[in-house]
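Descriptive analysis of the structure
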There are 6 protein chains.
Amino acid sequence: MASPAPEVDISNAGSDSSPAARVVRATVVQASTVFHDTPATLDKAAKLIEEAASLGSQLIVFPEAFVGGHPRGQNFGDWKTKGRESYSKYHASAIDVPGPEVDRLAALAGKYNVYLVMGVIEREGYTLYCSVLFFNPQGQYLGKHRKLMPTALERLVWGFGDGSTLPVYDTPLGKIGSVICWENRMPLLRTAMYAKGIEIYCAPTADDTTTWQASVTHIALEGGCFVLSANQFCQRKDYPPYPEYNLSGKDEDGPKPDSVVCAGGSVIISPLGTVLAGPNFKGEGFITADLDLGDIARAKFNFDSVGHYSRPDVLSLIVKDHRAAPVTFTSAADQISRA
Amino acid sequence: MASPAPEVDISNAGSDSSPAARVVRATVVQASTVFHDTPATLDKAAKLIEEAASLGSQLIVFPEAFVGGHPRGQNFGDWKTKGRESYSKYHASAIDVPGPEVDRLAALAGKYNVYLVMGVIEREGYTLYCSVLFFNPQGQYLGKHRKLMPTALERLVWGFGDGSTLPVYDTPLGKIGSVICWENRMPLLRTAMYAKGIEIYCAPTADDTTTWQASVTHIALEGGCFVLSANQFCQRKDYPPYPEYNLSGKDEDGPKPDSVVCAGGSVIISPLGTVLAGPNFKGEGFITADLDLGDIARAKFNFDSVGHYSRPDVLSLIVKDHRAAPVTFTSAADQISRA
Amino acid sequence: MASPAPEVDISNAGSDSSPAARVVRATVVQASTVFHDTPATLDKAAKLIEEAASLGSQLIVFPEAFVGGHPRGQNFGDWKTKGRESYSKYHASAIDVPGPEVDRLAALAGKYNVYLVMGVIEREGYTLYCSVLFFNPQGQYLGKHRKLMPTALERLVWGFGDGSTLPVYDTPLGKIGSVICWENRMPLLRTAMYAKGIEIYCAPTADDTTTWQASVTHIALEGGCFVLSANQFCQRKDYPPYPEYNLSGKDEDGPKPDSVVCAGGSVIISPLGTVLAGPNFKGEGFITADLDLGDIARAKFNFDSVGHYSRPDVLSLIVKDHRAAPVTFTSAADQISRA
Amino acid sequence: MASPAPEVDISNAGSDSSPAARVVRATVVQASTVFHDTPATLDKAAKLIEEAASLGSQLIVFPEAFVGGHPRGQNFGDWKTKGRESYSKYHASAIDVPGPEVDRLAALAGKYNVYLVMGVIEREGYTLYCSVLFFNPQGQYLGKHRKLMPTALERLVWGFGDGSTLPVYDTPLGKIGSVICWENRMPLLRTAMYAKGIEIYCAPTADDTTTWQASVTHIALEGGCFVLSANQFCQRKDYPPYPEYNLSGKDEDGPKPDSVVCAGGSVIISPLGTVLAGPNFKGEGFITADLDLGDIARAKFNFDSVGHYSRPDVLSLIVKDHRAAPVTFTSAADQISRA
Amino acid sequence: MASPAPEVDISNAGSDSSPAARVVRATVVQASTVFHDTPATLDKAAKLIEEAASLGSQLIVFPEAFVGGHPRGQNFGDWKTKGRESYSKYHASAIDVPGPEVDRLAALAGKYNVYLVMGVIEREGYTLYCSVLFFNPQGQYLGKHRKLMPTALERLVWGFGDGSTLPVYDTPLGKIGSVICWENRMPLLRTAMYAKGIEIYCAPTADDTTTWQASVTHIALEGGCFVLSANQFCQRKDYPPYPEYNLSGKDEDGPKPDSVVCAGGSVIISPLGTVLAGPNFKGEGFITADLDLGDIARAKFNFDSVGHYSRPDVLSLIVKDHRAAPVTFTSAADQISRA
Amino acid sequence: MASPAPEVDISNAGSDSSPAARVVRATVVQASTVFHDTPATLDKAAKLIEEAASLGSQLIVFPEAFVGGHPRGQNFGDWKTKGRESYSKYHASAIDVPGPEVDRLAALAGKYNVYLVMGVIEREGYTLYCSVLFFNPQGQYLGKHRKLMPTALERLVWGFGDGSTLPVYDTPLGKIGSVICWENRMPLLRTAMYAKGIEIYCAPTADDTTTWQASVTHIALEGGCFVLSANQFCQRKDYPPYPEYNLSGKDEDGPKPDSVVCAGGSVIISPLGTVLAGPNFKGEGFITADLDLGDIARAKFNFDSVGHYSRPDVLSLIVKDHRAAPVTFTSAADQISRA
């Protein structure tokens, strides 16, 4: 795992608090979940955070579903029998938020003095969400974004987020938020993030296609923000053996342990559409870049989709950002009693 | 009274706290009230709890109105004369909550180290409620559910509960709550319980029809929870003699002492709709099953009425869970003085 | 003075704590104040309590304003001259609570082992209140109810109570409280008392009309409680001579000393609306009855205005039961310093 | 059917519009439903309205459930078999509001130039309500009151009204409203009506006891209003034969056709507690009186429970008068399509 | 295809408009789609409607997705390559609403003088919906219900309906609506239908398990309505050959052409929980019954989840029944121009 | 000028009306305006249309501002003197819509039997708009889209469009609309077009950067539509000589006549993100491709931003598509009288 971080002196980053002068070193982690072993996944995360922090990174972004794993290849389709067993295992690998795993991640952010953006599978009762968690260098869990709209087979196992978890955090590094995988194709959702002033747009994903590269470049231009796309790099051997996992259309012919299942492609792009680091389609690794926040003003001068380039008289977006719950209890507390 | 409990080793149940791994042995008691004799009913409860606990049960569920008795067959219709006398007696068989009978039940739960769910007739002043009480293995009374909506003739003698007594308790065995008899047909009430995360859904009842079996199966599927339906098995001889009791349409022809008045049908159903134990339509007895809590995730994978299968944008339920009182005193204490 | 109390053995009343089994012997005293002579009035009270206790009564209820007197017939209308003198005398007949007269009444209750409910004119500084005092058989003063709302001319001399003196005492005899005269026509006040669970509803009054009988019957039914209505029986000779007293429209023509000024009508009514004793429109006397507290359950079975027959979702009463004071000091202590 | 209306000249009633000068002739109809024959009941109503109008009455009040019938004596207790058939028939006798029967009643009010207050069984889908309908001399249906709280066996067949149908109509005759049967014992409901300024308080009932007379007298005093209590006078022959009807405890011994099942007792009482007409316990008939609306001021001078005799600082009643529905559709129209 | 319709004379059904007297003959069609051939499927529908109408049926209900087909067994999982082809074909088999296929169905309903309830795959642009269409005997298309919530793999190909297509039609036969497959497990959705007064509850489904039978029985009881459950009976030969279709886990072993893929189980249940016809697990066929609408009142007498058995003060459901669209055009017309 | 169109037989395109079967041949014209000579520009257009039609194209798309010219390089900055002259000339090159130039373009579309999408500078009074005009093969002018939001220096000479000119035309070729240049970066505007069902998304532009390629690829994926991006290829010699034109920063050093001023980059992309033809950065030319409209369903299966992948409950866009005018006359007619 090599770090492609350029030899840039960023020792005085932050000494000038104006965005134009700020430079932030950020690292995207491209690595695979340890499938069906959440404690081991967290151990791996700890090691990766330590290494990324040693590169001088102030912000570390992990891929979608790093903790808990992406459901690719699991047998959920046979919903009556095997699907239930698969789900039961998958449910067990997910984490409660808050909960002990969240505490551990918060402690890691604190220990290595970084902002941490981590893709997880969140468990709330018996519904799972594909979520991104945010942590600050003070070792605090800040909050989460739940993926609004799962894609294709994900809909079998992930619930739907709502408008209440679309956070953008105003940090000394800049305004940080996250949109997950093909949510990034949702123009209204992106616009909501732009309207919140997002500057460092974290895009954990599971898409390793080349068209994804077009989308993240477009988003950087459209949003006038840095886009940090984090994907896993997974090989067949990272998954449980067949038939527990049957990576669609591949296991029939017996893929080799080193066969690439998810090719990564993690990348960092500037608001002007320049690729700053990556894409890496080779293996696990760090994608690191120094983000010159002055580029945001440079880009917004040309185009600002929620500023001078908007037409609110013609086009107005309503974002319902309250909690959507099927049942509301009128008393303040809807929690059950511990007994 | 025989125990159909399968020979399952559950000695280390609870050693793994994840729901997927938990197995809970539960017993539904199918037995009759000793009518108009609450001390004798409690003695009978004590004996039944001891026996059920000896089967290794961690949770014991009694039928609706086990303490105090179901009003079936009492002459409340003639409200001017006999009805008043019947009510006076029935009122005397009910128990205050808290009160000495509650203390005794709590002690039994503690002595036999079980969670206990007990149907009682609760007396508050001169209004009676059909309630279910909850006790933990530490010998504590946890709280109660008051039936929201009595059925048919029950409306003559039972008051109406409100939204403040819809508890679900988060216990080491799982989340336990109770809905009584035809309340179980109220879709909004059930949804409130699902929203509280109920996992072990206790359904004390007085309905011994076959359509009841359809309803409890449906509820298990709809709620993704275990349903434990507890009904009394009563014969004519369990009731006072005619004319004090006139079991509708039956005493005219002089039923025999062994005639079945309430045929039981207690049953335990899994979240997947499988009948785990019962129904027993033969006599008094224990219905025991080992509940594999991992089945909940298996079932919720397919359907989760308050999770991934809800549509809060279209359908939202408001639960007013405060105490409904005709009179509110602005001082904290509305209690009268002891003098 | 004859006692209509039936020959009922109530020696072991209370041995069975269930309401259904309790029978309480109660006496309403129908007698006149000794006007403008409070020590003599207390002597008369002592004698009446002794006699009533000898009937086996456990509870003795006196009329409104028995100590201090009802202001009927006093010349308060000429407020500049004579009115001032009348008020001065009337103020002097009132008693401080607590105070020596209260101590004497408490001692009487203790001596004769009775619960005592006594109508008095209470003096607090220069404001008078029409109050009812409560005492227990242990010789203790329990507390008071101040009439919330004086009627007609009473408003010239009596202050207005507040929500802080609406006590109901939970005694071995039952739950005892008091509402005075036309306060009994206030539906919200009665409802507050019902909500406190009043069982023995003492209604000292000055109303001797036949419509009063309708009201107390209605209250017994509406409240599901025993109503003990106590009125004075007064003749012209019980008052000071003309012109100090001018009993409205009557003294012009010179009423005879035996003319009836207040005709009594004291009565005891059961929760089922049955008249148990009285009404007595003939003279001073005791109205005694054995109250079968089981009748409360019989009545509440049919109707319970704060239980099964309430509709808190539609109609809810707020009772502000704190002390209402014109001046509030934000420090805990509002007392002046002793120097 | 004889009319006890006094020979009073009311030809110029209404010539002076001040309440003090207004005199209103009102008739309470005491008559029986034609059971299970709603068209015949309406024919009977038409004849009675014609006769009452011929007495010069401006307001005609019918008993509770005149159209549709009171469920007394029907076999609803056996809910599984006969109860269902009874309910099906009873449901068929009820009327939709609005609907053709309502149109006919409105036309009758118009034809005879009277205000009409009519007790009906209202059908809304498969729930029945005990309602009172109001009509004006212009032949218009004004609105309805649905009984909030059924009594005893009524709870098996009648739904519960809510706060949205508590109308008081301000008419040239005075302010007219209605409270049904034992609702009249609900102090908070009565207070709501007083607060709306009710002057002519119509109390259709099914209670023929003597304690009812006490209650209506009390209400007249408490509310400072005229109370017009209308009850049916029913004999055994007015009902279907045994066993379809089994008038409780009576048919065993074979009641004669002329046996009285409901003894009437209809009565009109003034705000001062004076009985103006009735009670009639003898047979069907008209109870007619001339209501001098000036009596209201005379009564309120002494006592006004929502005016000078109220204590809003201590006792305040909240009336939730919106529609209570288990399901609310956010679009304006919740009506189903005609297809 | 045999008709189990009993020999009941229903020639004058509808002559009496009261629900108690109405009897409606209804037929559920259990038959398979002709996969990937919508014109042939419509020809088959025409033949089935003709036959069902010849049985005297006034209402004919088809299964879920009869036109267009259920996606069971299609290869959508491989979303990059084969999935797209499968979707393209499936999209082509769907129908526009309105459109020529809808016109044909309307004409069939008119020709055979029946109400027709038809499950279809609806195409709106590039989103497909699982819809049910309603037609009347006048040959008119009435409207549609779009499935709110697809299940499992359906989520890959079907969009999500909203609250604007939850119709219940008030027809001379009764109030007709439809809820599709596992939507029937959504308690809040069912409650919305009950609140609209549904009487003939059509439940097209794709679930052929025995637990489905429990659910439809429960719904009939809970809703007090007739439930008509219509499922397809499909054999392997009704589908395209392997590998275009790969019926999960079955084609590996080479199922025979006669192998049952979907076993039907269509059934008609009365509001009292009685099975009137079916379930048929044997083959294609008609399930016919005469629905006595009087049974609704008999059932609602015992239980009415949106009437007397509701508790709107505690539990209230909000149904947002407007159209949910991601984009709203403020002009009335959002339609594109024909050019 | 070579056509890269593959040798595909499309002679029977349109014979099958289902989208899955339609293939449309489309040509994007990459050519330069004849600056300041609108008649010559139209002659050039006529020649290009003839050639493109000869390739079998059914749809021909021209670049932004082909008629009238892009203002790049004109001296509008010196607004007091030279700027005015420049604007005067530029205004003179623009065309009225409708008007004679529009008639000529319509005739050309008719003559060559094509759909024609043409970028023009539209003159309305003294305001200019950057518009796109649409014509059909019947030789009719269909309507226009006015650019909502000019970029950078364009804002000095072009007005702002409004929501009333966002047309999408439903043609036998598919649904055609147009968004101009950096409008394509406006996520809400694009979403409005998607909501109108656009299938053939014409993107005339003046952006020849490589990031533009990323954006159009993204749009094809996001919108599930074909994107036809048309840019001019301009050399210095296509413009008037210095100093009338001063192509920013370039003319100082005297660019050669062949210097490239705008490098084209016209491209056609499929809904799956595949580049079908182009980009051409070499010179003027035709970019031609056969659009298989079946690809739209293939793409929407994966992602449909206004269908199954929208979340209208969270994100809703309001499009005000009425005419925005600074002055509104309340009478229907806002036209001045001709006199």
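The model shown is predicted, which means the values in this text are computed figures rather than measured ones. (Residues numbered from 1 in each chain as written. Chains lettered and ligands numbered in written order. Predicted model: local features only at pLDDT ≥ 70, side-chain atom pairs only at ≥ 80, totals over all residues. Heavy atoms only, no water.)

With the rule as written, the count across this model stands at 110 salt bridges over all chains. For Asp290 of chain B, the salt bridge is made with Arg25 of chain B, and the minimal N-O distance between the two is 2.8 Å. Here the residue Asp290 of chain B occupies a position in strand S14 (residues 285-292), and Arg25 of chain B occupies one in strand S1 (residues 23-30), the gap between them amounting to 265 residues. Among the residues examined, Asp290 of chain B registers a relative accessible area of 15% and is labelled buried. The shortest N-O distance in the salt bridge between Glu122 of chain C and Lys144 of chain C comes to 2.7 Å. Of this pair, Glu122 of chain C sits in strand S3 (residues 115-124) while Lys144 of chain C sits in strand S5 (residues 141-146), placing them 22 residues apart in sequence. Across the pair, Lys144 of chain C and Glu122 of chain C agree in class, each one buried. Put simply, Glu122, Glu124, Lys144, Arg146 and Arg323 of chain A are held in one network by salt bridges that share partners. (Salt bridge = Lys/Arg side-chain N within 4 Å of Asp/Glu carboxyl O. Helix = DSSP H or I, 4+ residues; strand = E, 2+ residues; numbered from the N terminus. Buried < 20%, exposed > 50% of the residue type's maximum accessible area, 1.4 Å probe, protein only.)

Now for the sheet that holds strand S4 (residues 127-135) of chain F. Residue and element names in this part refer to chain F. Here we have six strands laid out as an open sheet, ordered S5-S4-S3-S2-S1-S14, and mixed in their pairing. Taken across any chain shown, the strands that pair with only one partner, and hence form the sheet edges, are strand S5 (141-146) and strand S14 (285-292). With strand direction ignored, the average angle separating the axes of adjacent strands in the sheet is 30°. Pairing of strand S2 (residues 59-61) with strand S3 (residues 115-124), which is carried by three bridges, proceeds in the parallel orientation. Bridge assignment links Leu59 to a residue of S3, and that residue is Tyr115. Packed onto the sheet, helix H2 (residues 82-93) meets S3 and S4 and runs at close to 20° relative to S4. Strands S3, S4 and S5 of the sheet are contacted by helix H3 (residues 100-112), whose axis makes an angle of about 20° with S4. (Pairing = 2+ DSSP bridges. Axes fitted to C-alpha atoms, helices over the stretch in contact; angles between N-to-C directions. Contact = heavy atoms within 4.5 Å.)

What follows concerns the relation of the copies chain F and chain A. The two copies are related by a screw motion: chain F maps onto chain A through a turn of 180° and a shift of 0.1 Å along the axis, at an RMSD of 0.1 Å. Taken together, the rotation angle and the small translation identify this as a two-fold axis. Comparing interface residues between copies, 100% of those in chain F also sit at the interface in chain A, which points to an isologous, same-surface contact. (Least-squares fit on C-alpha atoms with pLDDT ≥ 70 in both.)

Residues and elements named next belong to chain D. A large share of strand S7 (residues 174-178) lies buried, amounting to four of its five residues. Linking strand S6 (residues 168-171) back to S7 in an antiparallel pair, the connection comprises two residues. Sheet topology places S7 next to strand S8 (residues 200-205); three bridges connect them, and they run parallel. Paired with Gly177 across the two strands is Tyr201, which belongs to S8.

Glancing now at the environment of Ala45 of chain E. All names here are of chain E. In this fold, Ala45 is placed in helix H1 (residues 38-54). For Ala45 and Ser32, which are 13 residues apart along the polypeptide, the C-alpha to C-alpha distance reads 9.9 Å. Every residue in contact with Ala45, bar those within four places of it in the chain, is listed here: Phe62, Phe66 and Met118.

With 27 residues of chain E at the contact, the number on the chain F side is 39 residues. For the pair chain E and chain F, the summed buried surface comes to about 2800 Å²; carbon and sulfur atoms form 62% of the total. Counting the contacts that link chain E with chain F gives one salt bridge. The closest approach of N and O atoms between Arg298 of chain F and Glu85 of chain E, which form a salt bridge, is 2.6 Å. (Buried area = accessible area lost by both parts, 1.4 Å probe.)

This next bit is on the confidence of the model for chain A. In this model, chain A carries a mean pLDDT of 87, and residues with pLDDT of at least 70 account for 86%. Taken as a whole, residues 1-17 of chain A scores under 50 in pLDDT and shows 26 contacts with residues more than four places along the chain or in a different chain. (pLDDT = per-residue confidence, 0-100.)

Another point: the packing of aromatic side chains. The final tally for this structure, using the stated rule, is 48 aromatic pairs over all chains. With a centroid separation of 4.5 Å and 45° between ring planes, the pair formed by Phe303 of chain D and Tyr309 of chain D is classed as tilted. Note on Phe303 of chain D: relative accessible area 1%, which makes it buried. With relative accessibility at 0%, the residue Tyr309 of chain D sits in the buried group. Through pairs of rings, three or more aromatic residues link up here, namely Trp182 of chain A together with Phe303 and Tyr309 of chain F. (Phe/Tyr/Trp six-rings, centres within 6.5 Å; stacked < 30°, edge-to-face > 60°.)

Contact residues are listed per partner, giving 46 residues for chain F and 46 residues for chain A. Contact between chain F and chain A buries roughly 3900 Å² in total, counting both sides, with carbon and sulfur atoms accounting for 63%. Three residues, Tyr309, Arg311 and Leu315 of chain F, lead the burial of chain F against chain A; their summed loss comes to 19% of the area buried on that side. At the junction of chain F and chain A, the tally comes to two salt bridges. Of the charged contacts in the structure, one is a salt bridge between Arg190 of chain F and Glu222 of chain A, with a shortest N-O distance of 2.4 Å. Linking chain F with chain A are 22 residue pairs in polar contact (both at pLDDT 80 or more), by the criterion used here. Of all the elements in the fold, those that place two or more residues in the side of chain F that touches chain A are helix H4 (187-195), helix H5 (210-223) and strand S15 (315-319) of chain F. Inspection of the sheet shows strand S15 (residues 315-319) of chain A paired to S15 of chain F by five bridges, in the antiparallel sense. Across the sheet, Ser316 of chain A pairs through a bridge with Ile318 of chain F, a residue of S15 of chain F. (Polar contact = N/O pair within 3.5 Å; in protein donor to acceptor, adjacent residues only side chain to side chain.)

On to the sheet that holds strand S16 (residues 327-329) of chain B, then. Taken together, the three strands give an open sheet; going across it, the order is S16(B)-S15(C)-S15(D), and neighbouring strands pair in mixed fashion. Edge positions in the sheet fall to S16 of chain B together with strand S15 (315-319) of chain D, since each has one partner strand and no second. The mean inter-strand angle of the sheet, taken between neighbouring strand axes irrespective of direction, is 20°. Against the sheet, helix H4 (residues 187-195) of chain C touches S16 of chain B, strand S15 (315-319) of chain C together with S15 of chain D, its axis set at about 80° to S16 of chain B.

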